[in-house]
Amino acid sequence: MIEPNQTAFIVKVARRDEDAPENLLTVFYAVIADDPDSGVQIVKEAVKDGAEVTLTEVRLSQATAQAIDLRPGYARAL
C-alpha cells in the first residue's frame, strides 16, 4: 500500500538487445518510492548493468498500484 509520502512512479528502461545489438529493447517498470531519485535507484538495482534508466512523467494511482499488488521498494515490470 502507498503511504502518504510515497508515489508510484513509472520508470523507462532501455538497453541493447544482446542478440541484435542494432535493436533497443524498452520496458517500463512501476515502483513505489519516497521520491523520484529513490524510485530510479530501485529500478537500476533490479535491471542489468548498462541499461538506460529514466523517470517518466507518469504516476500510478493508489487504486492501480494496489490492483497490480505493487509493494514499496520493489520494481515491477509492466
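Everything discussed here concerns the structure shown above.
Residues numbered from 1 in each chain as written. Predicted model: local features only at pLDDT ≥ 70, side-chain atom pairs only at ≥ 80, totals over all residues. Heavy atoms only, no water.

1. Examining the environment of Ala30
Then, number 1: In this fold, Ala30 is placed in strand S2 (residues 24-33).
Then, number 2: Those residues in contact with Ala30, other than ones at most four positions away along the chain, are Phe9, Ile10, Leu60, Ile68, Leu70, Tyr74, Ala75, Arg76 and Leu78. (Helix = DSSP H or I, 4+ residues; strand = E, 2+ residues; numbered from the N terminus. Contact = heavy atoms within 4.5 Å.)

2. Things to note about the sheet that holds strand S3 (residues 52-60)
Then, number 1: The antiparallel open sheet is built from four strands, whose spatial order is S3-S1-S2-S4. Two strands bound the open sheet, and with one partner strand each, they are S3 and strand S4 (75-77). Between one strand and the next, the sheet's axes are offset by a mean angle of 30°, whatever the strand orientation.
Then, number 2: Bridge count between strand S1 (residues 7-16) and S2: 10 bridges; the pairing is antiparallel. Note that in S2 the partner of Val11 across the bridge is Tyr29.
Then, number 3: Lying on the sheet, helix H1 (residues 36-46) is in contact with S1, S2, S3 and S4; it crosses S2 at an angle near 125°. (Pairing = 2+ DSSP bridges. Axes fitted to C-alpha atoms, helices over the stretch in contact; angles between N-to-C directions.)

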